[in-house]
There are 2 protein chains.
Amino acid sequence: MNAVELIKKKRDGKAFSTDEISFLINHYTTGHIPDYQFSALLMAILLKGMTVSETAALTNSMLISGKIINLSSLKGNKVDKHSTGGVGDKTSLIIAPIVASAGIYVPMISGRGLGHTGGTLDKLESIPGFRTDLSLSESKKVLKKCGSVLIGQTKEIAPADKLIYSLRDVTATVESIPLITASIMSKKLAEGIDGLVLDIKTGSGAFMKSQKDSIRLTNSLIQTAKSFNKKVIAFITDMNQPLGNYIGNWLEVYESIRVLNGKIKNDLYALAIKLAGAMIYLGKKAKSLQEGECIAKQKIESGEAFKKFLEIVNLQGGNVNYIINPEKYPRSRFVKKVHSVKNGFIYEMNTYQIGMVSLELGAGRRTKDDVIDHKAGIILYKKIGDDVKNGDIICELRSDSNSKITLAEQMIIESLKFSKTKPSIPKLIKKVIK
Amino acid sequence: MNAVELIKKKRDGKAFSTDEISFLINHYTTGHIPDYQFSALLMAILLKGMTVSETAALTNSMLISGKIINLSSLKGNKVDKHSTGGVGDKTSLIIAPIVASAGIYVPMISGRGLGHTGGTLDKLESIPGFRTDLSLSESKKVLKKCGSVLIGQTKEIAPADKLIYSLRDVTATVESIPLITASIMSKKLAEGIDGLVLDIKTGSGAFMKSQKDSIRLTNSLIQTAKSFNKKVIAFITDMNQPLGNYIGNWLEVYESIRVLNGKIKNDLYALAIKLAGAMIYLGKKAKSLQEGECIAKQKIESGEAFKKFLEIVNLQGGNVNYIINPEKYPRSRFVKKVHSVKNGFIYEMNTYQIGMVSLELGAGRRTKDDVIDHKAGIILYKKIGDDVKNGDIICELRSDSNSKITLAEQMIIESLKFSKTKPSIPKLIKKVIK
């Protein structure tokens, strides 16, 4: 076996054996296959594809390149959720405490903001003191104590994925369904979970813009999860407008607190209940998805979910005073309310662009070294289907830089399209696939 | 413009502008685009292709990465030949003196042996003292004096090609028609020629095994040559059996001497006359291809071509005594005549395998650092269509290693297939394309 022959094989559209995939991943991870050969291979994979069993073998090789967390000492089911990411998607912050308070372990490894989307880790770190870089043994302690832990990918988890992901990022080989599948699943399987709920976003603010691609990715993820004997339920959900009304790190924590407090019952709440319900079902604390959703709602109404959130924040070093009294959190130097200059119904929101506005205001990173302004972001007053009058407030922009706000205002206005008649509102849950 | 966006563009099957190609080649050559990005790009080019104008732009960028030899001070036409390479293909050694003796300049930049095929430079270097590493100014002097010079690719000629070729070799991106085209044409155009004759091999001993691929490559080369206003004629020729009867570096020089002396009139002679005739026609010393061939034959009959060969060898430092008295050349320690154990007509020769036998005997390189044994090789006594009796000599193997001969004998026997009835002999010239 040698690298050139294997690259040639994939280039010519042939399928790898499990041994060949294992050879490639092991030799790349140990530096015996150089980057320039692996990137040619990645391009061949992107253009020629991989079968279900190749994808499973790739996932496995990446998984066993690192540690698999052993949670067998914790009695009870362990379930996680993965979202492909979008704008305003803060469901993890709501779901983890709901599901943990229902008696299921939720060991959650999350990522950082990428391009126009925010990242769960960045959001959590907007809570002063919150540590997402716990070691695996610290994580296990937190998980044991309160039923959930929210951390980042450690060096011990799927190091092959980390290496390969960096290379994909700079060689235009990100958008490959088998590569995305193996990247997601190798990390999720390393968490030591029994079940997984998938939230695959589709629409203008998602990485997968078309529903067709989203379904292809979903099927690939489900087939791979099943080949590892993991229970899985996938939701294809809307990302044609931001989820909820708050975008930006602390602003999203704030909206999550409001949902956990039972103060908001918007699309974010609806999706969080759906996903949490499915996790509760997979965790065998409900006999059906409906019963799971019902339990999820109760956990909010009873205040248990909010209490659980305080517990998690506290155990991970975060200052709970800001969770209890969020209005005490520092404000941005500049707050600008954007008024409409048109009459009509909003029928389209360029959600990618809205994500970029948030980044522009300081909530995201242009390069790896950029420092995030946790306070910055957008509060949406209007969404698709809303009847807007000239002069109405569309949204509020927050930033420490006035010039950034000026640019952001222009961008946000350009991102909206108006119609004279009331448009149909995009369906939140497009499809459920088991 | 940035590398990732451009890789993405080709990955998605879009065509590059001339500026984009120039950006890619310049930035790769200067080290601003790393190997791992360029290899992903090469794989995308291999799988998605390039248009005629992209290929021309690529050729041009690679050409102007180095020096273009200025031959305007030499009055008269400059014509070269390029062959895609095969087993026993020593036509360059015969053609250069024929065409130069007809009053046309032949500035020839050749390559080394690659895989199962020999290289003109290695063959020439089997002549004691012969220097293929002349500087550009030395080359020009030789060319001016005798009308031809046979050298290797210098550092000054198309350095981008040298860099890219090394990367293609280790990333399974050799077999791409636009990349092959740009690699060949950038070097040929740097020679400062007016016309080019192409010899595209097809068959079991060629790099392009199928005639369809050979025609595709030929068309790509012709279109590119024409976009640089170069006159071009292409021959698609047979490589289903070795060309001529001698394989191995000195053995091929020997056979060339015999052809130049008018002693051999085999397939090698026939092809050399065809190609030289076309060069004489492109060099405007004949009004038709037929007249060109006629002149080529005369140059052999009159002894002028052989004299010209002596002149070239002498000017490039080679010992002409071995050309005049080739039987004085050292012999291999072991010479083995292979006898047939079958009766029948040879109807198939695995020419790739025969090339590998020659390499095995010491005539080629397995790695870049291998030292070539110039004496080693094969003399074929039988070729396709020959009626062979049990006990007849099929060929003679020459090597300084007896164990290599034992292995080679086995391989050569396996490379031949016999039939009871006389098979048709592969047509030498399959197609002429102008």
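Residues numbered from 1 in each chain as written. Chains lettered and ligands numbered in written order. Predicted model: local features only at pLDDT ≥ 70, side-chain atom pairs only at ≥ 80, totals over all residues. Heavy atoms only, no water.

A. Examining the overall build of chain A more closely. When its secondary structure is counted, chain A shows 17 helices and 13 strands. Its C-alpha radius of gyration of 22 Å places chain A within 12% of the 22 Å reference for a compact globule of 434 residues. For chain A, with 434 residues in total, the buried portion stands at 59%. Side-chain charges of chain A comprise 63 positive and 42 negative groups, with the mean position of each set lying 4 Å from the other. (Helix = DSSP H or I, 4+ residues; strand = E, 2+ residues; numbered from the N terminus. Rg over C-alpha atoms; globule rule 2.2 N^0.38 Å. Buried < 20%, exposed > 50% of the residue type's maximum accessible area, 1.4 Å probe, protein only. Lys, Arg positive; Asp, Glu negative; His and termini not counted. Charge placed at Lys NZ, Arg CZ, Asp CG, Glu CD.)

B. Spatial organisation of the environment of glycine 147 of chain A. For glycine 147 of chain A, the position within the fold is in the loop between helix H7 (136–146) and strand S3 (148–152). Leave out the neighbours within four places in its chain, and glycine 147 of chain A touches Ala100, Ile104, Tyr105, Val106 and Val142 of chain A. (Contact = heavy atoms within 4.5 Å.)

C. The sheet that holds strand S13 (residues 429–433) of chain A, seen in detail. All names here are of chain A. Reading across from one edge, S1-S4-S5-S13 is the order of the four strands in this open sheet, with mixed pairing throughout. Either end of the sheet is taken by a strand with one partner, and the two such strands are strand S1 (79–83) and S13. Neighbouring strand axes in the sheet, compared pairwise and without regard to direction, differ in orientation by 15 degrees on average. Across four bridges, the pairing between strand S5 (residues 231–238) and S13 is antiparallel. (Pairing = 2+ DSSP bridges. Axes fitted to C-alpha atoms, helices over the stretch in contact; angles between N-to-C directions.)

D. Region of interest: the pairing of S3 of chain A. Burial of S3 of chain A is extensive: five of the five residues sit out of reach of the surface. The alternating pattern of S3 of chain A places Ser148, Leu150 and Gly152 of chain A on one face and Val149 and Ile151 of chain A on the opposite face, and all of these are buried.

E. Quick look at helix H2 (residues 18–29) of chain A. All names here are of chain A. For H2, which comprises twelve residues, the first-to-last C-alpha distance of 16 Å matches the rise-based estimate of 16 Å (1.5 Å per residue) to within 8%. Within the sequence span of H2, burial applies to Glu20, Ile21, Phe23, Leu24, Ile25 and Tyr28. Residues of H2 that are buried in the fold lie against helix H1 (3–11), helix H3 (35–48), helix H4 (52–63) and helix H8 (159–169). Phi turns positive, to about 85 degrees, at glycine 31, one or two residues after H2. (Expected span 1.5 Å × (residues − 1).)

F. Seen up close, the relation of the copies chain B and chain A. Structural alignment of chain B on chain A gives an RMSD of 0.0 Å, achieved by rotating through 180 degrees and translating 0.1 Å along the axis. The two molecules are tied by a two-fold rotation axis, judged by turn and shift. The position closest to the rotation axis in chain B is occupied by the C-alpha of tyrosine 36 of chain B, lying 1.8 Å away. (Least-squares fit on C-alpha atoms with pLDDT ≥ 70 in both.)

G. Spotlight on the domain arrangement of chain A. Under the domain assignment used here, chain A contains domain 1 (3–49), domain 2 (79–156 + 189–324) and domain 3 (331–419). When each unit is reduced to the centre of its C-alpha atoms, the spacing between domain 1 of chain A and domain 2 of chain A is 34 Å. (Domains from an automatic or database assignment.)

H. Quick look at the nonpolar core. Counting residues in each nonpolar core, the largest one holds 111 residues, and the members touching the most others are Ile98, Ile280, Ile323 and Ile378 of chain A. Looking at this core element by element, the count peaks at eleven residues for helix H12 (residues 267–282) of chain A. In terms of domain composition, this core takes at least three residues from each of domain 2 (79–156 + 189–324) and domain 3 (331–419) of chain A. Other than its neighbours up to four places away in sequence, isoleucine 378 of chain A contacts Asn245, Tyr246, Ile247, Leu251, Ile354, Val357, Ser358, Leu361, Cys395, Glu396, Leu397 and Ile412 of chain A. Counting residues in hydrophobic clusters, the runner-up holds 109 residues, among them Met108, Val149, Met208 and Ala296 of chain B. (Core = buried A, V, L, I, M, F, W, Y, C linked by side-chain atoms within 4.5 Å.)

I. Structural detail: the packing of helix H4 (residues 52–63) of chain B against helix H9 (residues 177–190) of chain B. Residue and element names in this part refer to chain B. It is the contact of H4 with H9, at a shortest axis distance of 8 Å, that shows an interaxial angle of 45 degrees. Accordingly, the angle class assigned to the pair H4 and H9 is oblique. The way H4 lies across H9 gives a crossing that is right-handed. For the pair formed by H4 and H9, the contact residues are Thr55, Leu58, Thr59, Met62 and Leu63 on the first element and Pro178, Leu179, Thr181, Ala182, Ser183, Met185, Ser186, Leu189 and Ala190 on the second. (Parallel < 35°, antiparallel > 145°, perpendicular 65-115°, else oblique. Left-handed = near helix turned anticlockwise from the far one by under 90°.)

J. Quick peek at the interface of chain B and chain A. Facing 20 residues of chain B, the contacting portion of chain A comprises 20 residues. Of the roughly 1700 Å² buried between chain B and chain A, counting both surfaces, carbon and sulfur atoms make up 72%. Three residues stand out in chain B for area buried against chain A, namely Arg11, Tyr36 and Leu47 of chain B, and they jointly supply 34% of the buried area on that side. Measuring nitrogen to oxygen at the nearest pair gives 2.8 Å for the salt bridge that ties arginine 11 of chain A to glutamate 175 of chain B. Linking chain B to chain A there are nine residue pairs in polar contact (both at pLDDT 80 or more). Of all the secondary structure elements, the ones that give two or more residues to the side of chain B that touches chain A are helix H1 (3–11), helix H3 (35–48) and helix H8 (159–169) of chain B. Looking at the side of chain B that touches chain A element by element, the count peaks at ten residues for H3 of chain B. (Buried area = accessible area lost by both parts, 1.4 Å probe. Salt bridge = Lys/Arg side-chain N within 4 Å of Asp/Glu carboxyl O. Polar contact = N/O pair within 3.5 Å; in protein donor to acceptor, adjacent residues only side chain to side chain.)

K. Summary view of the packing of H3 of chain B against H8 of chain B. Residues and elements named next belong to chain B. Relative to each other, H3 and H8 sit at 75 degrees, their axes nearing to 10 Å. Between H3 and H8, the angle falls in the class roughly perpendicular. Of the residues in H8, those touching H3 at Asp35, Phe38, Ser39 and Leu42 are Ile164, Leu167 and Arg168.

L. Geometry of the side chain of threonine 55 of chain B. With respect to the helices and strands, threonine 55 of chain B occurs in helix H4. Threonine 55 of chain B gets classed as buried once you look at its relative accessible area, which sits at 3%.

M. View of the packing of aromatic side chains. Counted by the stated rule, this structure contains eight aromatic pairs over all chains. Geometrically, the ring pair formed by tryptophan 250 of chain A and tyrosine 329 of chain A is stacked, given 3.8 Å between the ring centres and 5 degrees between the ring planes. Of the two residues, tryptophan 250 of chain A sits in helix H11 (residues 249–260) while tyrosine 329 of chain A sits in the loop between helix H15 (321–324) and strand S7 (334–339), which places them 79 residues apart along the sequence. Across the pair, exposure class does not vary: tryptophan 250 of chain A and tyrosine 329 of chain A are buried alike. Ring centres of tyrosine 28 of chain B and phenylalanine 38 of chain B lie 4.0 Å apart, and the angle between their planes is 10 degrees; this geometry places the pair in the stacked category. Of the two residues, tyrosine 28 of chain B sits in helix H2 (residues 18–29) while phenylalanine 38 of chain B sits in helix H3, which places them ten residues apart along the sequence. Grouped by ring-pair contacts, the aromatic residues Trp250, Tyr322 and Tyr329 of chain A constitute a single cluster. Over the aromatic face of tyrosine 269 of chain A sits the side chain of lysine 265 of chain A, whose NZ or CZ is 5.3 Å from the ring centroid. (Phe/Tyr/Trp six-rings, centres within 6.5 Å; stacked < 30°, edge-to-face > 60°. Lys NZ or Arg CZ within 6 Å of the ring centre and 35° of its normal.)

N. Expanded view of the confidence of the model for chain A. Looking at chain A as a whole, the pLDDT averages 95, with 100% of positions reaching at least 70. Scored by ipTM, the complex comes to 0.85, with pTM at 0.86. (pLDDT = per-residue confidence, 0-100.)

O. Looking closely at the sheet that holds strand S12 (residues 416–419) of chain A. Residue and element names in this part refer to chain A. If you trace the three strands from one edge of the open sheet to the other, you get S10-S8-S12, paired in antiparallel fashion. Looking at the sheet topology across the chains shown, the edges are occupied by strand S10 (387–388) and S12. In this sheet, S10 lies alongside strand S8 (residues 344–349) in antiparallel orientation, the contact comprising two bridges. In the sheet register, phenylalanine 345 faces S10, and the bridge partner there is aspartate 387.

P. View of the pattern of salt bridges. Under the criterion given, the structure shown has 66 salt bridges over all chains. Aspartate 387 of chain A is paired through a salt bridge with lysine 389 of chain A; the nearest N and O atoms lie 3.4 Å apart. A relative accessible area of 46% means that lysine 389 of chain A is categorised as partly exposed. For lysine 274 of chain B, the salt bridge identified is with glutamate 293 of chain B, shortest N-O distance 3.2 Å. Pair noted here: lysine 274 of chain B is in helix H12 (residues 267–282) and glutamate 293 of chain B is in helix H13 (residues 289–301), with a separation of 19 residues, a long-range link. On the basis of relative accessibility, which here comes to 29%, the residue lysine 274 of chain B falls in the partly exposed class. Overlapping salt bridges, with partners in common, bring together Lys8, Arg11 and Asp12 of chain A together with Glu175 of chain B in one network.

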